[in-house]
Amino acid sequence: MKQTALQILDSQGVVQKFEILKANAELPYRMKRHQEIFSQGDYWSMLFVSSADTMRTMSKALDFDERVIRHTVIKVGEKLSDITGYTLPENLV
């Protein structure tokens, strides 16, 4: 988790939120990854802002990380205003 956040920060990205959803939880079904079968794991979520290249690099790194069983990246918005909800005042537009 720390390694993933540092990778984003090193490439001029911003980590906005980091939360552990479930620690050492029972997985919904057994999962095979890196020639092992897992029945328990941790669920965590990280909200970050970065370039598309950084996201692809991070995704590849998570693919090769033996501690990661499965990962998903979800696009929250196109613009920073989509993510934060902030809009410029009308007299500045």
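Higher on the page you've got the structure.
Each chain has its residues counted from 1, running along the sequence as written. Reporting in this predicted model follows two pLDDT cut-offs: at least 70 for local features of residues, and 80 or more for side-chain atom pairs to be given and counted; totals over whole chains, interfaces and linings ignore these cut-offs and use all residues. Note: side-chain values were computed over all heavy atoms of the structure, leaving out hydrogens and water.

K.L.:
So what's going on with the packing of aromatic side chains? Which residues, and what values?
P.N.:
The aromatic pairing rule takes the rings of Phe, Tyr and Trp, using the six-membered ring of Trp, and pairs them if the centres are within 6.5 Å, calling planes under 30 degrees apart stacked, those over 60 edge-to-face and the rest tilted. Per the counting criterion, the structure on display carries one aromatic pair. Between F18 and W44 the ring centres are 5.4 Å apart and the planes differ by 25 degrees, which places this aromatic pair in the stacked class. Pair noted here: F18 is in strand β1 (residues 14–33) and W44 is in strand β2 (residues 36–49), with a separation of 26 residues, a long-range link. Here's how the labels work: a residue is buried when its accessible area is under 20% of the maximum for its type, exposed when over 50%, partly exposed in between, all with a 1.4 Å probe on protein chains only. On the accessibility criterion, W44 (29% relative accessible area) is partly exposed. Its end group placed over the ring of Y43, K22 keeps NZ or CZ at 5.3 Å from the ring centre. Put simply, DSSP marks the helices as runs of H or I at least four residues long and the strands as runs of E at least two long, and each gets a number from the N terminus on. Two conditions define a charge sitting above a ring: the NZ of Lys or the CZ of Arg must be within 6 Å of the ring centre, and it must be within 35 degrees of the ring normal.

K.L.:
For the pattern of salt bridges, give the residues involved together with the corresponding values.
P.N.:
Take a side-chain nitrogen of Lys or Arg and a carboxyl oxygen of Asp or Glu: if they are within 4 Å of each other, that pair is a salt bridge. Counted by the stated rule, this structure contains four salt bridges. Its salt-bridge partner being K17, residue E19 comes within 3.4 Å of it at the nearest N-O pair. The class for K17 is partly exposed, based on a relative accessible area of 46%. D65 is paired through a salt bridge with R67; the nearest N and O atoms lie 3.0 Å apart. When its relative accessible area of 17% is taken as the criterion, D65 is described as buried.

K.L.:
Kindly report on the environment of M58, identifying the contributing residues and their values.
P.N.:
Within the secondary structure, M58 sits in helix α2 (residues 52–64). A C-alpha to C-alpha distance of 11 Å links M58 and D10, two positions 48 residues apart in sequence. Note on contacts: a residue pair qualifies if any of its non-hydrogen atoms lie within 4.5 Å across the two residues. Aside from chain neighbours lying at most four places away, what touches M58 is T4, Q7, I8, M46, F48 and V73.

K.L.:
Describe helix α1 (residues 2–10), listing the residues and the values that go with them.
P.N.:
For α1, the full list of buried residues reads T4, A5 and I8. Summarising the axial view, the buried residues of α1 lie within an arc of 95 degrees, below the 170-degree limit, and thus occupy one face. Opposite the buried face of α1, at more than 90 degrees from it, the exposed residues are K2, Q3 and D10. Turning to α1, the residues buried within the fold contact β1, β2 and α2. One or two steps after α1, the chain reaches Q12, where phi turns positive at roughly 65 degrees. By definition, the arc is the one covered by directions from the helix axis to the C-beta atoms.

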